[in-house]
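# Reading the structure
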Amino acid sequence: MNSATDAAPLTPAPGPTLFGQPRGLATLFLTEMWERFTYYGIQAVLILFMVAAVSRGGLGLDDKTSSSIFGLFLGSTYLLGLLGGWIADRLLGAQRAVISGGILIAAGSVLLAIGNHAIFFLGLLVNAMGVGLLKPNVSAIVASLYPEGGARRDAGFSIFYMGINIGGALGSFFVPLCAAAFGWRVGFALPALFMTLGVAQFLWTRSYLGAAGLQPAHERRGSWTPVVVFLAAVAVIVILALTRIVTLDAAVLVRAASWGYGLLALAYFVYLLFFAGLTAAERKRALVMVALFVASATFWAGYYQQGGSFNLFAERYTDRHIFGWEMPAGVLQAVNPFFVITLAGVFAALWIALGKRGRDPVASTKFGVALIFLGLGFLVMYFAAQHVLAGQLVLPTWLVLTYFLHTCGELCLSPVGLSYMSKLAPQRFVGQAMGVWFLSLALGGNLAGVLTGQYDASHLESLPGLFLKIFWYGVIVGAVMLLLTPLVKKLMAGVH
Ligand code: GLN
């Protein structure tokens, strides 16, 4: 994937194999599958639970607050990925980080299942910390199962990406189904149960991982002090909020967080470009990283409408009756991972075929195309929302078509994004490339909540307005990426 490991000796790690892949891949596949089950399962019901009236077992929050909390949750899972990566690298090693992350996710989900308002928000926080510890590090262990790098590792990652999406599909399907049949609490209990099984499975089969991710990767050990300071600060804020000494306004927080993430990225790039002592060639590639960062954040802000405005759209404006059965709204979120599973092979074959002709598109082209697919998906939703405005319920086919287009976009951007970032970053900054990628996801996830909050059910014209706006964001940023391609080719000289 990145040039550092491509240069490593071409000997696969010894140990048992399964279908030609290291046996440890199955361990990681199942761990990530259950983790994504919880992540997307929770997302499929989160906003609907928050807006549902108290009489229907929900939290009875208004749309704007719920959208903001949804964005804060998504953004923080990815932001905490930066801390989670650091903790694994400097303190715990990736394996122990994954175990601790899994335990936190399971514990957080128990809090979601049992809690009143306050406990519920605490559950989201604990959950986000768990995702931050688990998600980046489980991928890091996948990478280190293949010290030889190359095509076998790429194949390993493709299989792993299937695990992500099988988990996403199962969670999006069963959690809303259980919530509808047995109540929200049972819905939230499902992630707790399966994450526990996921962790048990990891512990049971951990020996297959050998030394991969066992020790912190960095020779220089870190200190626990920053982690303790961070946790203490979080604890103080939680206590102040619980005792109502300060009132936190989610809508204000989510906007502040967007600025915070944006400024963090800006500060990092200013440092990288002007103060990190880069050579002229390295600086050119770092400029490409900036463009990819903007494109990626824009993409995820649209993509993560699935758990936000699309979920509300499915609940409120979609006729979900199939043969007399009313499908729970969140289930529609399973369409995206389902399409990923069915289409990933097609896209992989396309890149290989283009590659053979020497025409594998450069990063900016793939990102540009991804954004145009994203925009087209929103154009479909714009027309769907016009029907809603005319007072009709619409068929689920609108959302299905949009998810199809979004999945095509995802397959151009998501599987290659991290590897591009690591190739573009100067060798000594490769570790930070993962951070940049996660920061783009954090910003995108957070913005997804801000955008959903712009839909106002009492002014229904805001719905097509929102979708049209995201359509323009997608096609404009996408077109700029495509126009930048000749320049990017020059700037990237030597990177493939
Ligand atoms: N659905 C994929 C995942 O959850 C892609 C999104 C992402 O990279 N976060 O991993």
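You'll find the structure just up there.
It is worth spelling out the overall build of the protein at this point. A tally of regular secondary structure across the protein gives 16 helices and 4 strands. For a compact globule of 496 residues, the expected C-alpha radius of gyration is about 23 Å, and the protein comes in at 22 Å, within 12% of that figure. Each principal axis of the C-alpha atoms in the protein carries an extent, and together these give about 60 × 45 × 45 Å. Classification of the 496 residues of the protein by burial places 55% in the buried group. Restricting to contacts in the protein with at least 6 residues of sequence separation, those with at least 24 account for 83%. With the model as given, the accessible surface of the protein reaches about 20600 Å², and the carbon-plus-sulfur share is 72%. Computed over 29 positive and 18 negative side-chain charges, the separation of the two mean positions in the protein equals 9 Å.

Moving on, we come to the packing of aromatic side chains. Across all of its chains, the model carries 39 aromatic pairs by this definition. The interplanar angle of 85° and the centroid separation of 5.3 Å between the aromatic rings of Y39 and Y40 together place this pair among those described as edge-to-face. Per residue, the accessibility class of Y39 equals that of Y40, and both read buried. Every member of this aromatic cluster is reached through a ring pair, and the members are Y39, Y40, F73, Y78, F299, W300, Y303, Y304, F367, Y420, W437 and F438. Seen from the ring of W351, K366 lies directly overhead, with NZ or CZ sitting 4.3 Å from the centre.

Moving on, we come to unusual backbone geometry. Note: most peptide bonds trans; most residues except glycine with negative phi. For R244, which is not glycine, the phi dihedral falls at a positive 60°. Its identity is not glycine, yet F323 carries a phi of approximately 45°, on the positive side. By secondary structure assignment, the location of F323 is in the loop between β3 (321-322) and β4 (325-326).

The next point concerns the side chain of S258. Position of S258 among the secondary structure elements: in helix α9 (residues 250-275). At a separation of 2.7 Å, a polar atom in the side chain of S258 contacts the side chain of N446. What S258 contacts, discounting residues up to four positions off in sequence, is L443, N446, L447 and V450.

As a further point, take the state of the cysteines. Going through the model one piece at a time under the given rule, you end up with 0 disulfides. No disulfide involves C408; its sulfur sits 7.3 Å from that of C412, the nearest cysteine.

Let us look at the side chain of Q333. In this structure, Q333 sits in the loop between β4 and α12 (335-356). The class for Q333 is buried, based on a relative accessible area of 2%. Among residues more than four places away in sequence, those in contact with Q333 are Y40, Q43, A44, S172, Q306, G307 and Y403.

With that settled, the discussion passes to the pattern of salt bridges. Evaluated as defined, the whole model comprises 7 salt bridges. A salt bridge links D63 to R316; the shortest N-O distance between them is 2.8 Å. Pair noted here: D63 is in helix α3 (residues 63-92) and R316 is in helix α11 (residues 309-317), with a separation of 253 residues, a long-range link. The buried category is assigned to D63, whose relative accessible area is 17%. A residue is classified by how much of its surface remains accessible, and R316, at 27% relative accessible area, is partly exposed. Here the salt bridges do not stand alone but share partners, grouping E32, E35, R36 and K135 into one network.

On to helix α2 (residues 24-51), then. Along its 28 residues, α2 runs 42 Å from first to last C-alpha, staying within 8% of the 40 Å computed at 1.5 Å per residue. Of all the bends in α2, the greatest, near 35°, is centred on V45. With 26 of its 28 residues buried, α2 lies for the most part within the structure.

What counts and what doesn't
Residues numbered from 1 in each chain as written. Predicted model: local features only at pLDDT ≥ 70, side-chain atom pairs only at ≥ 80, totals over all residues. Heavy atoms only, no water. Helix = DSSP H or I, 4+ residues; strand = E, 2+ residues; numbered from the N terminus. Rg over C-alpha atoms; globule rule 2.2 N^0.38 Å. Buried < 20%, exposed > 50% of the residue type's maximum accessible area, 1.4 Å probe, protein only. Contact = heavy atoms within 4.5 Å. Areas by Shrake-Rupley, 256 points an atom, 1.4 Å probe, with all protein chains shown as cover. Lys, Arg positive; Asp, Glu negative; His and termini not counted. Charge placed at Lys NZ, Arg CZ, Asp CG, Glu CD. Phe/Tyr/Trp six-rings, centres within 6.5 Å; stacked < 30°, edge-to-face > 60°. Lys NZ or Arg CZ within 6 Å of the ring centre and 35° of its normal. Polar contact = N/O pair within 3.5 Å; in protein donor to acceptor, adjacent residues only side chain to side chain. Disulfide = S-S within 2.5 Å. Salt bridge = Lys/Arg side-chain N within 4 Å of Asp/Glu carboxyl O. Expected span 1.5 Å × (residues − 1). Bend = angle between axes of the 7 residues up to and from the residue.

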